[in-house]
Structures are given as C-alpha cells and as structure tokens.
2 protein chains.
Amino acid sequence: MRKVAESTIRRLSLYLRLLEEFEAQGIATVSSEALAGRGGTTSAQVRKDLSFFGSFGKRGLGYSVPELVTELRAILGLDRRYQVALIGAGKIGSALVQYRGFRQRGFDIVAIFDVDPAKIGREWNGLVVQDSAALETALAHEKIDMAVLVTPGEAAQPLADRLVALGVKAILNFAPVQLTVPHDVVVKTVNLALELETLSYELTNRG
Amino acid sequence: MRKVAESTIRRLSLYLRLLEEFEAQGIATVSSEALAGRGGTTSAQVRKDLSFFGSFGKRGLGYSVPELVTELRAILGLDRRYQVALIGAGKIGSALVQYRGFRQRGFDIVAIFDVDPAKIGREWNGLVVQDSAALETALAHEKIDMAVLVTPGEAAQPLADRLVALGVKAILNFAPVQLTVPHDVVVKTVNLALELETLSYELTNRG
DNA sequence: CTAGCTTTGTGAATCATTTCACAAAGCCGT
DNA sequence: ACGGCTTTGTGAAATGATTCACAAAGCTAG
C-alpha cells in the first residue's frame, strides 16, 4: 500500500464518526458533499481520501452508509480488538479507564500499573493496580498490543524502553516528552502544553 | 504578519521546552543543529521556523538561550497570563485543574462549572463549582480569555455558543465533536478517539 | 589584520497535499 | 431506450511545506 498522509487518516476517522451518526438515523446513502459539509472539508477531499483505498461509491448516487462504515473500520484497523496496558493510575489514567469510547472502539484495558504503593493492590474498574516494577513478570503471558503511558515526563522513556522490549508495538503517550523508539514501534504523543500554546499563539496573533 | 503554518508553531513550542531545559542547565548558547537533534527535526527546519519571526541568532555562534526563550515566549503569547473557565468538573477537568504546567505557562483557572447538582457548590482546588446554567451571570464581571470544554458531546455546541456570546475568543475542546464558531474565535479540539484510531491504523498497516 | 572555522539566514528546488475540473457511470422519468 | 440530472473517481494544476545548498557574518588564533 502506498504511503497515505496522516491528515488523510484523521479525516477518515472523522468520516467514520459522521457515518455512524447517519447509520443510527437510518440514512442509507450519503454523497461526498454531505460527508464534507459536516466534516469541515470539501467533497473533492473526501473523494480523494477514499480513492487511496478503493472505489466505494456509485456514480450519481453516492456511498452506501453501512458499506462505507465497514470499509472504513477495516481500513482503520477497527475490525478487531486490542489489548491495552495502562501505565500510570493517576487522574488522566482514571478518566481513560472510564471513557466509554475506548472499549466501544475495540480497546480493552487488561492491565494497570503504577509505582505508588498507596495505589498498588487497589481495585480500579475491575482490575487490580500492579507494581510498575513487575511489568515484565505481569505481562509475560499477556499479549499486549498497545500501551497508554500516563506518567511524569522523566519516567516515560525508561518505561517505553521496557514496553518495547516486551514486544509492544504501539504507545499512546501523554507524558510531555519526545519518546525515542525503534522504527517498527508507533508512538503518538498527546501534549496538552502544545495545544495550549498553539491556542495562545492564535489568540495573540489573530483573534 | 504573514501566515505561519500550524506545524511551525508546534515546533516553536517544542523548541521552547528544550531551551528551558538548556537554560536550567546553565547553557548559554545553542546551535540550530543542537535544537534540531533533541527535537526530532533538522537544523534547516529550525532556522526556517525562526526566520518567519526574525533573526535571533549570531552567525558562527548560534542562539543565545535566554534571549531565544524570551523571543519564543513573546511569539507564542506566553508573556502574559490568561483567565480560563473550566466547563465540566469530571475526571479530565479534575486532572487539568491539578496540572502544574497549566498555571506555570500562564493559564489561571478562575471559574469552574458543571450541571451535576452533586458537584455544584463543592470546592475544587480553591474554587467553588458553579451551575452551568448560571454561566452568564457568573461571568458577567469576569473577563475570560479562554474556555476549556470537558463535557459530553451533545452539550458542547450549545455551551460553545454561550461562551462565544460572552466574548470568549479561544476554546480548548475535549468533547468528541466538531464545534462551529465565528471565524474570530479559535477552537482547538483534542480528540482521543482520533488519536487511538490513527494509532490503530499505523499498527495494522505498518507495524 | 588575515586565514580558517563555524553557523546563520534564505532563495531555489524538491516533495507533499489540496483543489480543480471533467469524463465516465448510474439513476429516474417518460 | 433515451435524455437529463447527479455524483463519483482521478489526472492535472495549484498551493503549501520541507530540504538543499551556499553566500554572508562573526568568532578565534596567530
């Protein structure tokens, strides 16, 4: 498959959300124009985005909503479930555990770790918080697809290294640091400070 | 000022973080090469990014760390403080209130709102949670620069409309919806589902 | 003051993404 | 079955972002 831009993938994800709404409303087909309107883009963009993966529409008619939902789920890898380890049982971790969309989209949190003795052993949404020091033994027999890192900045890189050694191939990182990992491991960093600062920039230079 | 790409602003934000580290270590000057190395980009990119805003370096020598820190803070609008209203006193809101980096970078949460009667009236980090219904009266005499929206999807747009009517010019949105606002209002949406799905895509199509 | 070394700042070139524009397809009504 | 209407899929053009490459500038040592 030829390389597809990240911006394209993000839009596909958006289209999928809109399509699921349409599906819930019982709408059977949708045009690229309709998808674009609600997604903040153009119909040409929608068609180009989809064309990277195939021809899913019917000329003169548009796209079948259920069919396109299925296709997009497959493209985005959402037609399977993922086993997720949560590293860091703080406030953000807690919010994630409870976030419905997480499980709804196929991501199952199967293990939670922390270094705080006050948290270790406590039950959290049906899971016992384990000691981060025991990561290796705890995950020896559990296949983990993805790790969510919610730790202070300085703890993140060492933990990432250990997770990679355990065979984890994807990390969603909330720690405010740039992680270094082998090229076959995917990292996505969500950096709140960065968002605030781009907002602050816009506010001072435009608004 | 000519239009500068968002990607450039995000990198400036990153450079600022690195420079602050250098400053703490007492390093006086830094080259574009050194800034690039730690920031995951190239020296040419660093110089181009900075060149949009001026010439801050000395040829043959590099950039003065404290000077560049000052310049970047000014460019990003971080040389002032912002009054922030938090809408939604749930888990994520709670994590934000306690996040040190928030206050550290000049963002002061001065009001918290929720619709849940169980939460209204309770004290939260020195602030009393107020009823979202009373947004207008509560903020009548408080100048709010920015709002952080942490509500269920369906509540977000109506609240955004009311905030805009109150003169708020920037919204950091954690609700999983695309907000519609006048063009002089800046919205930045942090969408967890989107991040998960791009990660899932990479995982199935590369890893 | 000059030679040699380093590093910036920036046009030009390359590479990537978005938009345009239109032929090809398919539906509907007669 | 045909004409008119709609909407896709996609090369080509336009726009945007990154990388290249080098002259200009400044420092250091002798």
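Residues numbered from 1 in each chain as written. Chains lettered and ligands numbered in written order. Predicted model: local features only at pLDDT ≥ 70, side-chain atom pairs only at ≥ 80, totals over all residues. Heavy atoms only, no water.

Give a description of the protein's contact with DNA strand D that names residues and reports values.
Taken together, 23 residues lie near DNA strand D, and A:Ser32, A:Arg47, A:Gly57, A:Tyr63 and B:Arg59 sit nearest. The sugar-phosphate portion of DNA strand D accounts for 62% of its atoms within 4 Å of the protein, the bases making up the rest. A:Gly57 places a main-chain nitrogen or oxygen 2.9 Å from a phosphate oxygen of DNA strand D. A distance of 3.4 Å is found between a phosphate oxygen of DNA strand D and a side-chain nitrogen or oxygen belonging to B:Gln45. With four residues, the top contributor of residues to the surface near DNA strand D is helix α3 (residues 43–51) of chain B. Along the lines of polarity and charge, the residues of the surface near DNA strand D split into five nonpolar, ten polar and eight charged. (Near = heavy atom within 4 Å. Polar contact = N/O pair within 3.5 Å; in protein donor to acceptor, adjacent residues only side chain to side chain. Helix = DSSP H or I, 4+ residues; strand = E, 2+ residues; numbered from the N terminus. Nonpolar A, V, L, I, M, F, W, Y, C, P; charged D, E, K, R; others polar.)

Would you mind going over the environment of A:Asp145 in detail, with residue names and values included?
Residue and element names in this part refer to chain A. With respect to the element layout, Asp-145 can be found in the loop between α7 (135–138) and β8 (146–149). Asp-145 sits 63 residues away from Tyr-82 along the chain, and the two C-alpha atoms are 5.8 Å apart. Polar side-chain contacts of Asp-145 include one of 3.2 Å to the side chain of Arg-80. There is a polar contact of 2.7 Å between the side chain of Asp-145 and the backbone nitrogen of Gln-83.

Describe the pairing of strand β10 (residues 186–189) of chain A, naming the residues involved and giving the relevant values.
All names here are of chain A. A one-sided burial pattern is seen for β10, the buried positions being Val-186 and Lys-188 and the unburied ones Val-187 and Thr-189. Alignment of strand β9 (residues 170–173) against β10, held across four bridges, turns out to be parallel. Paired with Ile-171 across the two strands is Val-187, which belongs to β10. (Buried < 20%, exposed > 50% of the residue type's maximum accessible area, 1.4 Å probe, protein only. Pairing = 2+ DSSP bridges.)

Describe the relation of the copies chain A and chain B, with residues and values.
The second copy of the chain is related to the first by a rotation about an axis and a shift along the axis. Expressed as a screw transformation, the operator carrying chain A onto chain B has a rotation angle of 180° and an axial translation of 0.0 Å, and the superposed copies differ by an RMSD of 0.1 Å. Considering both components of the superposition, the chain copies are consistent with a two-fold axis. Both copies present the same face, since 98% of the interface residues in chain A are matched by interface residues at the equivalent positions in chain B. (Least-squares fit on C-alpha atoms with pLDDT ≥ 70 in both. Contact = heavy atoms within 4.5 Å.)

Requested: an account of the interface of chain A and chain B, with residues and values cited.
With 57 residues of chain A in contact, the opposing surface of chain B contributes 57 residues. Buried surface at the junction of chain A and chain B, summed over both partners, amounts to about 5200 Å²; 68% is from carbon and sulfur atoms. If you sort the residues of chain A by the area they bury against chain B, A:Glu197, A:Leu199 and A:Tyr201 come out on top, with a joint share of 13%. At the junction of chain A with chain B, the criterion picks out eight salt bridges. At the boundary of chain A and chain B, one finds 24 residue pairs in polar contact (both at pLDDT 80 or more). Residue assignment for the side of chain A that touches chain B shows that the elements contributing at least two residues are α1 (6–24), α2 (32–39), α4 (65–76), α5 (91–98), β9, β10 and α9 (192–205) of chain A. Of the residues forming the side of chain A that touches chain B, the biggest block, 14 residues, is contributed by α9(A). Split by residue class, the side of chain A that touches chain B holds 31 nonpolar, twelve polar and 14 charged. (Buried area = accessible area lost by both parts, 1.4 Å probe. Salt bridge = Lys/Arg side-chain N within 4 Å of Asp/Glu carboxyl O.)

Tell me about the protein's contact with DNA strand C, and name the residues and values.
For DNA strand C, the set of nearby residues contains 23 residues, the closest of which are A:Arg59, B:Ser32, B:Arg47, B:Gly57 and B:Tyr63. Within 4 Å of the protein, the contacting atoms of DNA strand C are 63% sugar and phosphate, with bases supplying the remainder. Within the contact set of DNA strand C, a phosphate oxygen lies 2.9 Å away from a backbone nitrogen or oxygen of B:Gly57. Elements with a minimum of two residues in the surface near DNA strand C: α1 and α3 (43–51) of chain A together with α3, β2 (57–58) and β3 (62–64) of chain B. In terms of residue count, α3(A) provides more of the surface near DNA strand C than any other element does, four residues in total. For the surface near DNA strand C, the class distribution of residues is five nonpolar, ten polar and eight charged.

Now, about α4(A): what can you tell me, with residues and values included?
For α4(A), spanning twelve residues, the distance from its first C-alpha to its last is 16 Å, which sits close to the expected 16 Å at 1.5 Å a residue. Elements that come into contact with the buried residues of α4(A) comprise α1, β1 (29–30), α2, α3 and β3 (62–64) of chain A together with α9 (192–205) of chain B. A distance of 3.3 Å separates the backbone nitrogen of A:Glu67 from a side-chain oxygen at the start of α4(A), and that oxygen is part of A:Ser64. Trailing α4(A) by a residue or two, A:Gly77 shows a phi angle of about 75°, which is positive. (Expected span 1.5 Å × (residues − 1).)

Any chance you could break down the pattern of salt bridges for me, citing the residues and the numbers?
Should their charged atoms come close, side chains of opposite charge can pair. A full pass over the atoms with the stated rule returns 33 salt bridges over all chains. In this structure, A:Arg73 engages A:Glu20 in a salt bridge whose closest nitrogen and oxygen atoms are separated by 2.9 Å. Here A:Glu20 lies in helix α1 and A:Arg73 lies in helix α4, a separation of 53 residues in the sequence. For B:Asp108, the salt bridge goes to B:Arg81, with nearest N and O atoms at 2.7 Å. In this pair, B:Asp108 sits in strand β5 (residues 107–114) while B:Arg81 sits in the loop between α4 (65–75) and β4 (82–87), placing the two residues 27 residues apart along the sequence.

Go over the domain arrangement of chain A with me, naming the residues and quoting the values.
Domain annotation for chain A reports domain 1 (6–76) and domain 2 (82–194). A separation of 32 Å is found between the C-alpha centroids of domain 1 of chain A and domain 2 of chain A. (Domains from an automatic or database assignment.)

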